[in-house]
Amino acid sequence: MSTTVVNHRGGNSPNIARTVLICLALYGTYKVVRFLWSKDSVNSSRKPTQQLPYKNWTKREISAFDGKTDPNGPVLIAAGGKVFDVSAGRGFYGAGGPYNVFAGRDASRMLATQSFDEGITEEELDSPIDSIDDLSDDDKDSLASYIGLFSVKYRCVGDLVEPQ
């Protein structure tokens, strides 16, 4: 005859403790994400000095909106043929921001390939718009993700076009 010993003391304690730890971890993650998101929200409370109309933009025109030329003016980024006013993310894209290299230019290839350079050049301003046809499927997916993010977070102010 075999007997089974059942421990009635604290049988659910590990499950309760695990649940409490998971809840605390989720709450901590929420607080961190909320803090990081609010950092951008603080930036969005700064209204740009001018409201830009929806229009066609050339690479040279958007280069004036790099966050450095006019630190209080709009900050623009072109991606996938669309131009976005990213002024709400000035802390990221404005002068001194970690992603300022994308500001005031067609950043399509840079965003798609996660490549960075030293900044826009006259040669880049005078060259045709990059067709990005040679990007890999992964790079195209990456660019589409950034365009989706920009579309949700920022106002599209026009299309990137060749000069007339």
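Look up: the structure comes first, before these words.
Residues numbered from 1 in each chain as written. Predicted model: local features only at pLDDT ≥ 70, side-chain atom pairs only at ≥ 80, totals over all residues. Heavy atoms only, no water.

Section: the overall build of the protein
- Helix and strand counts for the protein stand at six helices and four strands.
- Order of helices (α) and strands (β) in the protein, N terminus to C terminus: α-β-α-β-β-α-α-α-α-β.
- A fraction of 67% describes how many contacts in the protein between residues 6 or more apart in sequence connect residues 24 or more apart.
- Carbon and sulfur atoms make up 57% of the accessible area of the protein, which amounts to about 10,600 Å² in all. (Helix = DSSP H or I, 4+ residues; strand = E, 2+ residues; numbered from the N terminus. Contact = heavy atoms within 4.5 Å. Areas by Shrake-Rupley, 256 points an atom, 1.4 Å probe, with all protein chains shown as cover.)

Here's the deal with the nonpolar core
- Among the nonpolar cores identified, the biggest contains 18 residues, and Ile77, Val86, Tyr93, Phe102, Leu111, Leu143 and Phe150 are the most heavily contacted of them.
- Going through the elements one at a time, β2 (76–79), α4 (108–113) and α6 (137–153) are the ones with two or more residues in this core.
- Take this core: its biggest share by element is three residues, from α4.
- Dropping the residues within four chain positions of it, leucine 111 is found in contact with Ala79, Phe102, Ser142, Leu143, Tyr146 and Phe150.
- Residues Leu52, Ile62, Leu76 and Ala78 belong to the second largest nonpolar core, which totals nine residues. (Core = buried A, V, L, I, M, F, W, Y, C linked by side-chain atoms within 4.5 Å. Buried < 20%, exposed > 50% of the residue type's maximum accessible area, 1.4 Å probe, protein only.)

Looking at the sheet that holds strand β1 (residues 55–57)
- Reading across the sheet, the four strands line up as β1-β4-β3-β2 and stay open at both edges, with mixed pairing between neighbours. Strands with a single pairing partner mark the edges of an open sheet, and in this sheet they are β1 and β2. With strand direction ignored, the average angle separating the axes of adjacent strands in the sheet is 40 degrees.
- Relative to strand β4 (residues 155–160), strand β3 (residues 82–85) runs antiparallel, the two being bridged by four bridges. When the bridges of β4 are listed, aspartate 85 appears paired with arginine 155.
- Relative to β2, α6 is tilted by about 140 degrees, and along the sheet it contacts β2 and β3. (Pairing = 2+ DSSP bridges. Axes fitted to C-alpha atoms, helices over the stretch in contact; angles between N-to-C directions.)

Structural notes on the pattern of salt bridges
- The tally for this structure, following the rule as stated, stands at eight salt bridges.
- In this structure, arginine 105 and glutamate 124 form a salt bridge, with 2.5 Å as the shortest nitrogen-oxygen distance. Of this pair, arginine 105 sits in the loop between α3 (90–93) and α4 while glutamate 124 sits in helix α5 (residues 122–126), and the two are 19 residues apart along the sequence. The pair formed by arginine 105 and glutamate 124 is uniform in burial state, with each residue classed as buried.
- Across the pair arginine 109 and aspartate 130 runs a salt bridge, and its minimum N-O distance is 2.5 Å. Taken together, the residues span a long stretch of sequence, with arginine 109 in helix α4 and aspartate 130 in the loop between α5 and α6 at a distance of 21 residues. (Salt bridge = Lys/Arg side-chain N within 4 Å of Asp/Glu carboxyl O.)

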